[in-house]
Amino acid sequence: MIEFATLLIGLLAGVREIELVVQEPVTAVEIVLDGRSVARLDSTPWKADVDFGEDLEPHRLVANGFDKNGNLIDSTYQLINYNRPSFDATILLEPLETGEAQTGRVVWRGALNDPPISIELEFDSRPLAADSNGRFLLPLHDPDEIHVLEAVVYFDRQHLAAATLTFGGIYGDQLTSALTAVPLKSPTDQPWSADQIRGWIVTEGQSTEIFKVAAGPGLLVVVRGVHIDSIRRGAQSSLNPAYPTASPHQLSYDISAISPLPLKGHEGTFRLTDLGKVIPQEGLRPVLLRYRPLVPRRGADGRYLQKRGQKLWDALAVAGTRASSSGRPRAAVLMLDSDKRDQSDLDPLDAIEYLERVHVPLFIWGRDRQAFEMYAVAENLARVYVGSTAIDRLCIDIATEIASQTIVWLQGEFIPSELSLSSAAPPEADFVQ
């Protein structure tokens, strides 16, 4: 009866226009942002401007549908700046004047804002034609029977988005069981068990239902300044004897890298590359100080990175979304250069605070104090590492952090601000920051 026609992916702030598709018997719609009513609509066009604020933070956007008597009869939501795919799609049915839904459209949103190369649509497992705008006409069908629409939107050879809509009979839209992964601090190499943490995490004063508890393998996301190449050789040859290069923990973890150079022609899109596993016997150091770029200039999709104009802090925020949506023990490391030409839209503090809000521990390394003077806020943080002799300590501290996290999977879909710890949780079981 009510669906979002505007899919909000990626990171955003400020005012955005939100469009909905509304069907009878809904006669009025209330839009709610983080529990606060921000708009009320009672006629077409079903559109409203919503202000998501100046700060980059997770939000819950809800649309409530009411009938002519003011009764709430339908509701839908989407999460903003948190746990969203880079490519998304949904199927919308549009009523005719008679109220019978016979036409519809597939709505999509991709990180590159490019049109899809193809749309595959099926109605009750039979192919159904959709035009280049995603619009389609339903065949004759019995409205009292259950029907299923399935769509796959192909953006390129690597990226697609799928959507399913069940309607007719006693069904409206298909309901799915959502889960949320929450990272908790735990004793190093000793994750909490499900029995231990029961009753620790609450929302609106009520204990949340635990689906499962997991630990490892973790994920580290690296953002390395593109002008750091000239200093790596010195750091590679300087060892700090106080810290071994290998990890004292037996837990291996995966590592990914995000280039601070956006894709050519797409200022807000950054490429992520998986670099494999870091195993305890080898340690992280060889990866961080790799001589060649961590992210290739040309990707498997044939797209190139820009040659210049890095956006270090924008890329860091993207690293936060990648780490927080992984459902794994996580951390991010930023390796600073001293490039005065950084063209980030975000201020350093905006990006750093975003990672805190989504529970991603951040480690920052710089060659010397000059690198930190470029971004004065960075040198006041707890996890700051200066100079080549700090590389080994950085690697050990990252491994220790990842080994000190327990992932709790909760039934339901939550943003971090909706969750808190009860008095039953011990002091050492705080949310990861």
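Computed from a predicted structure; not experimentally measured. (Residues numbered from 1 in each chain as written. Predicted model: local features only at pLDDT ≥ 70, side-chain atom pairs only at ≥ 80, totals over all residues. Heavy atoms only, no water.)

Novice: Can you lay out the pattern of salt bridges for me, pointing to particular residues and giving the numbers?
Specialist: Applying the stated criterion across every chain, the model contains 11 salt bridges. A salt bridge links glutamate 418 to arginine 60, with the nearest nitrogen and oxygen atoms 2.7 Å apart. Residue glutamate 418 is found in the loop between strand S25 (405–411) and strand S26 (420–421), and its partner arginine 60 is found in strand S6 (residues 59–66); the two are separated by 358 residues along the sequence. (Salt bridge = Lys/Arg side-chain N within 4 Å of Asp/Glu carboxyl O. Helix = DSSP H or I, 4+ residues; strand = E, 2+ residues; numbered from the N terminus.)

Novice: Outline the sheet that holds strand S15 (residues 179–185), listing residues and values.
Specialist: Spatially, the three strands line up as an open sheet ordered S15-S25-S18, and their pairing is antiparallel. The sheet is open, and its two edges are formed by S15 and strand S18 (210–214), each paired on a single side. On average, each strand axis in the sheet is tilted by 25 degrees relative to the strand beside it, whichever way the strands run. (Pairing = 2+ DSSP bridges. Axes fitted to C-alpha atoms, helices over the stretch in contact; angles between N-to-C directions.)

Novice: Can you explain unusual backbone geometry? Please cite residues and give values.
Specialist: With an omega of 10 degrees, the peptide bond between glutamate 24 and proline 25 qualifies as cis. With respect to the secondary-structure elements, proline 25 resides in the loop between strand S2 (15–22) and strand S3 (28–33). Of the consecutive residues threonine 44 and proline 45, the connecting peptide bond is found in the cis state with omega at -5 degrees. Mapped onto the secondary structure, proline 45 falls in the loop between strand S4 (36–41) and strand S5 (47–51). The backbone of aspartate 34 sits at a positive phi, close to 50 degrees, despite the residue not being glycine. Tracing the backbone through its elements, the reader meets aspartate 34 in the loop between S3 and S4. Among the residues examined, aspartate 34 registers a relative accessible area of 39% and is labelled partly exposed. (Buried < 20%, exposed > 50% of the residue type's maximum accessible area, 1.4 Å probe, protein only.)

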